[in-house]
Amino acid sequence: MKSPRSLSCTCRFWCAVFLLVGASSAVHAQNLTGYWELRTPNINNDGTFRETFFHIEQAGETLSGELIRYPRGIPITGTYSDGNIHLVTVPPPPNPAMPQRPARPPIAWDGKLEDGKLQLTSNGRMGEVHGVAEKVTKEATEPPAALPLPELKDVPDSGLARTPPMGWNSWNKFAGRVDDAAVRGMADAMVLSGMRDAGYIYINIDDTWELGRDERGNLVSNKKFPDMRALADYVHSKGLKIGIYSSPGPKTCAGYEGSYGHELQDAKTFASWGIDYLKYDLCSDLEIYKDDAPTLQAIYQQMGEALQSTQRPIVYSLCEYGRAQVWTGWGAKAGGNLWRTTGDISDNWESMDRIGFSQIKLAPYASPGHWNDPDMLEIGNGGMTADEYRTHMSLWSLLAAPLIAGNDLRSMTDETKSILLNREVIAVDQDPDYKPVTSVSTDSGLEVLMRPLHDGSVVVGLFNRTSAPAAMSFPRAELPASFVGRKLGVRDLWKHEVAQMQGDSFTATVPSHGVALIGFTAE
Ligand code: GLA
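Residues numbered from 1 in each chain as written. Predicted model: local features only at pLDDT ≥ 70, side-chain atom pairs only at ≥ 80, totals over all residues. Heavy atoms only, no water.

**Student:** Looking at this structure, how should I read the site of the ligand?
**Tutor:** Within the structure, the ligand sits among Trp171, Asp206, Asp207, Tyr245, Cys253, Ala254, Lys279, Asp281, Cys319, Tyr321, Arg340 and Asp344. One of the side-chain nitrogen or oxygen atoms of Arg340 is found 3.2 Å away from an oxygen atom of the ligand. Here an oxygen atom of the ligand sits 2.5 Å away from a polar atom, N or O, in the side chain of Asp344. Burial of the ligand by the surrounding chains reaches 93%, relative to a free accessible area of 300 Å². In the shell around the ligand, the residues fall into 6 nonpolar, no polar and 6 charged. (Near = heavy atom within 4 Å. Polar contact = N/O pair within 3.5 Å; in protein donor to acceptor, adjacent residues only side chain to side chain. Areas by Shrake-Rupley, 256 points an atom, 1.4 Å probe, with all protein chains shown as cover. Nonpolar A, V, L, I, M, F, W, Y, C, P; charged D, E, K, R; others polar.)

**Student:** Would you mind going over the sheet that holds strand β9 (residues 166-169) with me for this structure?
**Tutor:** Strands belonging to one sheet form pairs held by backbone hydrogen bonds; the direction of such a pair is parallel or antiparallel. Taken in spatial order, the 8 strands line up as β17-β16-β15-β14-β13-β10-β9-β18 in an open sheet, and their pairing is parallel. Each edge of the open sheet carries a strand with a single partner, namely β17 (371-373) and β18 (403-405). Taking the axes of each pair of neighbouring strands and ignoring which way they run, one obtains an average angle of 25° across the sheet. In this sheet, strand β14 (residues 277-281) lies alongside strand β13 (residues 241-246) in parallel orientation, the contact comprising 4 bridges. Along β14, the bridge assignment pairs Tyr245 with Lys279. (Pairing = 2+ DSSP bridges. Helix = DSSP H or I, 4+ residues; strand = E, 2+ residues; numbered from the N terminus. Axes fitted to C-alpha atoms, helices over the stretch in contact; angles between N-to-C directions.)

**Student:** Explain the state of the cysteines here, please?
**Tutor:** In a disulfide, the sulfur atoms of two cysteines are covalently bonded to one another. A complete count under the given rule lists 1 disulfide for this structure. Across the disulfide, Cys253 is cross-linked to Cys283 (sulfur-sulfur distance 1.8 Å). Disulfide Cys253-Cys283: the torsion about the S-S bond is -90°, which places it as left-handed. Within this pair, whereas Cys253 is found in the loop between β13 and α6 (263-273), its partner Cys283 is found in the loop between β14 and α7 (293-309), the two being separated by 30 residues in sequence. Owing to a relative accessible area of 40%, Cys253 belongs among the partly exposed residues under this scheme. By relative accessible area, Cys283 is classed as buried at 12%. No disulfide involves Cys319; its sulfur sits 6.5 Å from that of Cys253, the nearest cysteine. (Disulfide = S-S within 2.5 Å. Buried < 20%, exposed > 50% of the residue type's maximum accessible area, 1.4 Å probe, protein only.)

**Student:** Is there a simple way to explain the sheet that holds strand β4 (residues 74-81) in this structure?
**Tutor:** Strand order in the closed barrel formed by 8 strands is β1-β2-β3-β4-β5-β6-β7-β8, and the pairing between neighbours is antiparallel. Going across the sheet, the axis of each strand differs from the next one's by a mean of 30°, ignoring polarity. Bridge count between β4 and strand β5 (residues 84-89): 6 bridges; the pairing is antiparallel. The residue of β5 that forms the bridge with Gly78 is Leu87.

**Student:** Help me understand unusual backbone geometry, please; the structure alone is not making it clear to me.
**Tutor:** A negative phi angle characterises most non-glycine residues, just as the trans form characterises most peptide bonds. The amide bond that connects Tyr70 to the next residue, Pro71, takes the cis arrangement and shows omega of 5°. With respect to the secondary-structure elements, Pro71 resides in the loop between β3 (62-69) and β4.

**Student:** Quick question: what am I supposed to make of helix α3 (residues 180-192) here?
**Tutor:** An α-helix turns once per 3.6 residues; consequently, residues spaced three or four apart project the same way. Taking 1.5 Å of rise per residue, 13 residues should cover 18 Å, and α3 covers 18 Å from first to last C-alpha, within 8% of that figure. Three or more residues of α3 are buried, namely Asp180, Ala182, Val183, Gly185, Met186, Ala187, Ala189 and Met190. (Expected span 1.5 Å × (residues − 1).)

This is the structure in structure tokens:
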């Protein structure tokens with residue numbers, strides 16, 4: 001038996017070794033330098049996780065690095081002391097080209113290192129979110145290798161969307177909170193409100209419906225959408241059509257499963273569910289391919305051909321934010337029925353005004369089956385005045401833009417209904433013989449636009465983009481030659497009444513951010 005002295009001696013020796021090893025491994029474990037994959041549950045507990053890849057360099061207690069994906073290329077700084085980690089993104093400097101754009105608030109994470117994993121909590125716009133980050137190789141942070149793209153060819157015109165599509169889309173109001181019940185509710189409200197009978201036919205599910213792929217690689221919906229086929233049947237039973245969303249990239253813009261490498265398989269899945277409309281959103285594909293016109297055409301052609309091969313009529317909506325001048329021809333060649341021409345709209349005057357009035361020059365590029373899409377409507381979402389929403393509806397209709405409502409149709413005010421359901425304005429949007437809008441005059445925020453319709457009539461919009469009411473007028477002499485010497489019929493399309501000329505002009509006091517929309521007929 002060992003003496004207490006020798007015991008304590010041995011113990012001291014081993015304890016010292018243990019402490020040394022322990023200390024060195026603790027120092028090792030505490031160095032956070034490397035590549036990490038953070039998984040945070042998406043909101044609504046839909047069973048999916050958002051993956052964020054980032055790189056950290058640790059120097060003493062100071063951390064630096066960057067978010068690699070998603071989002072990409074955003075620097076991060078932070079500290080690591082007493083076992084506490086603090087990481088925060090460094091917002092990019094304001095864009096001088098867009099001084100009115102609010103800078104993005106930084107995203108911060110706090111937490112600890114436990115068993116080699118970072119337990120992190122972020123408190124942002126969506127409330128408290130907990131995530132776990134694990135160390136990964138540099139390769140794991142990189143996007144997948146580029147798959148070969150098809151040779152370019154002209155996808156035949158599908159014959160769909162002869163007038164701009166009308167309907168509803170979940171993104172503007174619901175973003176990640178859309179679910180089966182909301183979509184069914186929207187279909188019911190579309191019928192009850194009279195919107196279906198006014199032409200709003202498509203009920204479109206935007207991003208965040210996806211779960212991932214099953215063992216055969218089939219795209220499956222997450223628990224917010226337990227049965228897509230049954231949902232499509234329900235929407236169809238209401239005399240409506242149903243749309244869905246995907247991305248040509250591995251991930252959608254919200255970080256959900258995209259169609260990358262599964263284009264044909266996904267087109268078949270959508271057709272088997274009874275889908276009638278696909279919004280195909282570029283998102284993470286930008287990390288893999290160049291965004292020049294031939295590459296983007298090939299990317300979109302791949303799904304365009306896949307959709308047509310299913311033999312199901314599926315409206316094809318390209319969403320690539322107007323890159324590489326999609327309107328100039330390649331969007332139609334890829335099989336697109338409509339294409340986004342701008343970044344995302346927001347529910348405020350600045351965004352709608354900037355997007356809407358930048359579109360007039362693109363109007364000559366649209367044609368039946370091939371529409372410019374300045375993004376979905378914000379009417380009824382609460383961020384603009386009724387005058388501003390009437391401008392939104394009038395401008396989108398003069399542009400022959402898709403009328404895709406983005407509000408909660410189950411709880412519309414009478415004012416919102418009066419705007420979305422103005423059949424005289426809808427008729428301008430849906431004119432069966434598309435002729436582009438033109439600018440009659442533009443003067444310090446006072447814009448006069450004119451669009452000829454199939455029956456020889458003309459619609460004129462007097463838009464006041466300034467912050468004070470303005471007297472505006474439209475001289476009769478601006479009307480087409482077919483009006484010369486004819487008696488004029490003049491109608492106010494918002495007041496729904498006959499309007500009067502003052503001598504040789506139509507004159508109105510137009511409220512700030514408002515519009516007078518006037519129809520002229522030769523009688
Ligand atoms: C992009 C699109 C939006 C919406 C979101 C969904 O931002 O432009 O319209 O679809 O993605 O993540």
